[in-house]
Number of protein chains: 2
Amino acid sequence: MVAITIKDVAALAGVSVATASRVLSGSPATSPAARAGVAAAAAQLDYRPNAQARALRSTHTESIGLLVSDVRNPFFADLAHTVEQAALAAGYVTLLGNANERKEQQDRYLDTLISRRVDGIVVAPLGDGSGSIRSLIERKIPTVFVDRTVDGLDVPSVTTDSETGIRQAVAHLAAAGHTRIGYISGPQAISTGRDRFAAFTRAVAEFGLSQDPDLVYFGDFQAASGSAGVHALLELRQPPTALLAADSPMAVGAIAILHKRGLRIGRDVALIAFDDIEWFALLDPALSVISHSVEDMGRIAVKMLLEVIGGGTPESVVLPSELIIRASSSAPISGVPDSPAAVSPASGPSPRKN
Amino acid sequence: MVAITIKDVAALAGVSVATASRVLSGSPATSPAARAGVAAAAAQLDYRPNAQARALRSTHTESIGLLVSDVRNPFFADLAHTVEQAALAAGYVTLLGNANERKEQQDRYLDTLISRRVDGIVVAPLGDGSGSIRSLIERKIPTVFVDRTVDGLDVPSVTTDSETGIRQAVAHLAAAGHTRIGYISGPQAISTGRDRFAAFTRAVAEFGLSQDPDLVYFGDFQAASGSAGVHALLELRQPPTALLAADSPMAVGAIAILHKRGLRIGRDVALIAFDDIEWFALLDPALSVISHSVEDMGRIAVKMLLEVIGGGTPESVVLPSELIIRASSSAPISGVPDSPAAVSPASGPSPRKN
DNA sequence: CGTTTCCATGGAAACGATTCCACGACTACA
DNA sequence: TGTAGTCGTGGAATCGTTTCCATGGAAACG
């Protein structure tokens, strides 16, 4: 850890630190001779400016923070990738934090990002407006919410309109004759969990399908709860003939347990997932999904954050979602899955259809 | 962006900045009265220490950098997750960078991490020992290589012994009657690309299988090159009856194109991938993989980095790999894939076997 | 040739924290 | 009661950089 400072560079170039600093930061008020000397000295010593000292003096760091709720969720991995690329293109580096769907980790990272004086933060928030997320807005640190929002916090956001896609999915299932759709929901403490659940509830009512509350299982957006959800739903006296999972990890958990139970997706039970993940199309049968553009989301989030940093107050953006029909949901219903529970006489194509 | 400094806290508490600093950093040489006063003042003002200023004075930042080559590769997403959790448990925050398999982005992030004076860096390096990666070791910045190494750089590393797993895979395919195995390799500029290719070459020779150089396609560890590889291999006059992909994104690309060509994995052509990704087991047929533990890799990398930071020189670790046989490779060969190319009389179970 | 303007330069203050050092007050021991 | 040791405290130096301000020399003007 040998420390090479601007003082060393200045000494080698035979100028003062002030001049060296001016050259290194590209100030016009420098002579060609000084420019050449300092540049040569810096190169020779492999000088790297101390970002701490620089930030201490000049109050901006050319860096932004990105806090996602789960890096292992491919949706957020993709988001991290696009945000990072967009930020890099604008000259910012991205510090990525992973809240792991836990509020205390979110607070921990938020504190760190505040301490490190990032110029702005893109966050997929969880929890309510308490804790460090409140400090963020009280200190007027440029912030943009992505994918999720927090009630009562007036922060620009980029989110998805889940309504359209979910309505399309329910319509599609209803048209295939399904009347009992099992819904594996996200937690109601998270805005996307609430929105998607509300959209599902409205759609089910609109198409006259069963509103049996037992058909909804509340998971936590992680894989294990998808498995638990399928398990719970299939144990019902009147199990659903179609399943809708509110995010991709829960869909993965659902698929795993369906395989284990020997149920054929697309024939014994239809399945649709929210979030389009590249390899969902590679499954057999290919998985129907509700798709929304993670590239747009990341790109727009960065653009909005830069506006906020620049003093603007951009309007929030809502991106569309749409159903992509593949084999996992396209066969007409073939009856009740072979659940160990009693086969209910009320299932199958129902008179309540439409 | 209102700035609350330790000066404000000290003033409110009615003590000097020195005393405030001592209380806030938990020095024992403080009176209970001072402790209480300063703590109250800090809480009331919602004081967050300026990490820049702190680091400037005390030369360590309680943060590490993690530079992965591709966040969208689930292997590295998992790695990021474990590294971050392990670091957090040790009191460090992780700054994640994504090189995107591009050397100039790797250099860019490395420079940033050096500038920000992270206490140490875990990196999955790409390229040779030139560029910023050399500055890293010349400055004696604590560094640990993970997954990959760089020739000629004496840096502690955690890697996988690809040899065992690949040998098992080739043996398994040979036992099923395959004599022509197509290999979708990683780039030879990356250590894992070289190691796995070398292991494949040795295994193929050992088991007396075809060493036809056309059976090797050199990809870039990303999905598109997996597709291109399958395409090229199946166009051979004597196409392979089994495929081995050197990482998971290329396996995904391979599967996509096999589907598109209407080839049945596990029957028309066997497929094995390096890297065990959770959902590979969910494919139909389930994908045989060469598995290695990403959790161990991340955990050990952090442990080693902390040792280096503490002044130690830990031994490099090589983790084992093993074949996990699933349906994609377990059927005996059924002959030549229905390639649009002419069916060669020499393919199928061959006299050259063993 | 004298005065003004311009401009590159160096000295020094500032950013916000930590930490060395000195000081005063107190306890404890002889 | 005098001296030594302990302990909490404040002043000031320090980290590496940027930036304000003053300075001095050269160019430009009349």
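Under an unreviewed UniProt entry, the name given to chain A is LacI family transcriptional regulator, and the source organism is Cryobacterium sandaracinum.

### Examining the environment of I6(B)
Take I6(B): it is sitting in helix α1 (residues 6–13). Put simply, I6(B) and G26(B) are 20 residues apart on the chain and 14 Å apart in space, counted from C-alpha to C-alpha.

### Concerning the protein's contact with DNA strand D
In the region of DNA strand D, 23 residues are neighbours, and I6(A), S21(A), Y47(A), R57(A) and T19(B) sit closest. Considering the 4 Å shell around the protein, atoms of DNA strand D inside it are sugar or phosphate in 62% of instances. S21(A) places a polar side-chain atom, nitrogen or oxygen, 2.7 Å from a phosphate oxygen of DNA strand D. R54(A) places a side-chain nitrogen or oxygen 3.1 Å from a phosphate oxygen of DNA strand D. Of all elements in the fold, only α2 (17–24) and α4 (51–58) of chain A together with α2 (17–24) and α4 (51–58) of chain B reach the threshold of two or more residues within the surface near DNA strand D. With four residues, α4(A) is the single largest residue contributor to the surface near DNA strand D.

### So, the protein's contact with DNA strand C
Taken together, 23 residues sit near DNA strand C, with T19(A), S31(A), I6(B), S21(B) and R57(B) positioned nearest. Backbone atoms, meaning sugar plus phosphate, form 64% of the atoms of DNA strand C positioned within 4 Å of the protein. Between DNA strand C and I6(B) there is a distance of 2.3 Å, counted from a phosphate oxygen to a backbone nitrogen or oxygen. Take N50(B): an N or O atom from its main chain is 3.1 Å from a phosphate oxygen of DNA strand C. If you list the elements that add at least two residues to the surface near DNA strand C, you get α2 and α4 of chain A together with α2 and α4 of chain B. Of all the elements, α4(B) adds the most residues to the surface near DNA strand C, at four residues. In terms of residue class, the surface near DNA strand C is made up of 11 nonpolar, seven polar and five charged.

### Considerations on the interface of chain B and chain A
Contact with chain B, which involves 57 residues of that partner, is made by 58 residues of chain A. Overall, the association of chain B and chain A removes approximately 5,500 Å² of surface from exposure, summing both partners, and the carbon and sulfur fraction of that is 53%. Viewed at the interface, chain A and chain B are joined by four salt bridges. Salt-bridge contacts for D46(A) lead to R139(B); the nearest nitrogen and oxygen are separated by 3.7 Å. On the surface where chain B and chain A come into contact, there are 26 residue pairs in polar contact (both at pLDDT 80 or more). Counting only elements with at least two residues in the side of chain B that touches chain A, the list comes to α4, α5 (74–89), β2 (93–98), α6 (103–115), α7 (132–138) and α11 (248–260) of chain B. It is α6(B) that provides the largest number of residues to the side of chain B that touches chain A, a total of seven residues. Among the residues making up the side of chain B that touches chain A, the classes are represented as 27 nonpolar, 16 polar and 14 charged.

### Structural notes on the sheet that holds strand β7 (residues 216–218) of chain A
Residue and element names in this part refer to chain A. A sheet is described by the order of its strands in space; here six strands give the open sequence β7-β6-β8-β9-β10-β12, paired in mixed fashion. The open sheet terminates on both sides in strands that have one partner only, identified here as β7 and β12 (322–324). Averaged over all pairs of adjacent strands, the angle between strand axes in this sheet comes to 20°, irrespective of strand direction. Here four bridges tie strand β8 (residues 242–245) to strand β9 (residues 270–274), and the two strands are oriented parallel to one another. Residue pairing in the sheet places L243 in a bridge with L271 of β9.

### Thoughts on the nonpolar core
Ranked by internal contacts, the top residues of the largest apolar core, which has 105 residues, are V170(A), L244(A), F280(A) and F280(B). The residues touching F280(B), leaving out its near neighbours within four places in the chain, are S248(B), A251(B), V252(B), A273(B), D275(B), A286(B), L287(B), V289(B) and R326(B). One finds Y92(A), L305(A), A87(B) and V144(B) within the second-largest nonpolar core, a separate group that totals 54 residues.

### Concerning the sheet that holds strand β9 (residues 270–274) of chain B
Two strands in a sheet stick together by hydrogen bonds in their backbones, pointing the same way (parallel) or opposite ways (antiparallel). Residues and elements named next belong to chain B. Strand order in this open sheet of six strands is β7-β6-β8-β9-β10-β12, and the pairing throughout is mixed. At either margin of the open sheet sits one strand with a lone partner, and together these are β7 (216–218) and β12 (322–324). Ignoring strand direction, the axes of neighbouring strands in this sheet form an average angle of 20°. As paired elements, β9 and strand β10 (residues 288–291) share three bridges and run parallel to each other.

### Digging into the side chain of S132(A)
Checked against the element boundaries, S132(A) lands in helix α7 (residues 132–138). A polar contact is formed between the side chain of S132(A) and the side chain of D111(A), at a distance of 2.7 Å. The residues contacting S132(A), other than those within four sequence positions of it, are D107(A), L110(A), D111(A) and R48(B).

### Some points on the pairing of β8(A)
All names here are of chain A. Neither face of β8 is left uncovered, since the one carrying A242 and L244 and the one carrying L243 and A245 both have all their residues buried. Both strand β6 (residues 181–185) and β8 contribute to a ladder of four bridges, which runs parallel. Each bridged residue has a counterpart across the sheet, and for G182 the counterpart in β8 is L243. Tracing the backbone out of β8, into helix α11 (residues 248–260) and back to the parallel element β9 gives a crossover that is right-handed.

### What about the domain arrangement of chain A?
What the domain assignment lists for chain A is domain 1 (6–49), domain 2 (63–160 + 295–321) and domain 3 (162–292 + 323–329). A C-alpha centroid distance of 37 Å is found between domain 1 of chain A and domain 2 of chain A.

Parameters at a glance
- Residues numbered from 1 in each chain as written.
- Chains lettered and ligands numbered in written order.
- Predicted model: local features only at pLDDT ≥ 70, side-chain atom pairs only at ≥ 80, totals over all residues.
- Heavy atoms only, no water.
- Helix = DSSP H or I, 4+ residues; strand = E, 2+ residues; numbered from the N terminus.
- Near = heavy atom within 4 Å.
- Polar contact = N/O pair within 3.5 Å; in protein donor to acceptor, adjacent residues only side chain to side chain.
- Nonpolar A, V, L, I, M, F, W, Y, C, P; charged D, E, K, R; others polar.
- Contact = heavy atoms within 4.5 Å.
- Buried area = accessible area lost by both parts, 1.4 Å probe.
- Salt bridge = Lys/Arg side-chain N within 4 Å of Asp/Glu carboxyl O.
- Pairing = 2+ DSSP bridges.
- Axes fitted to C-alpha atoms, helices over the stretch in contact; angles between N-to-C directions.
- Core = buried A, V, L, I, M, F, W, Y, C linked by side-chain atoms within 4.5 Å.
- Buried < 20%, exposed > 50% of the residue type's maximum accessible area, 1.4 Å probe, protein only.
- Right-handed = clockwise from strand over helix to strand, strands pointing away.
- Domains from an automatic or database assignment.

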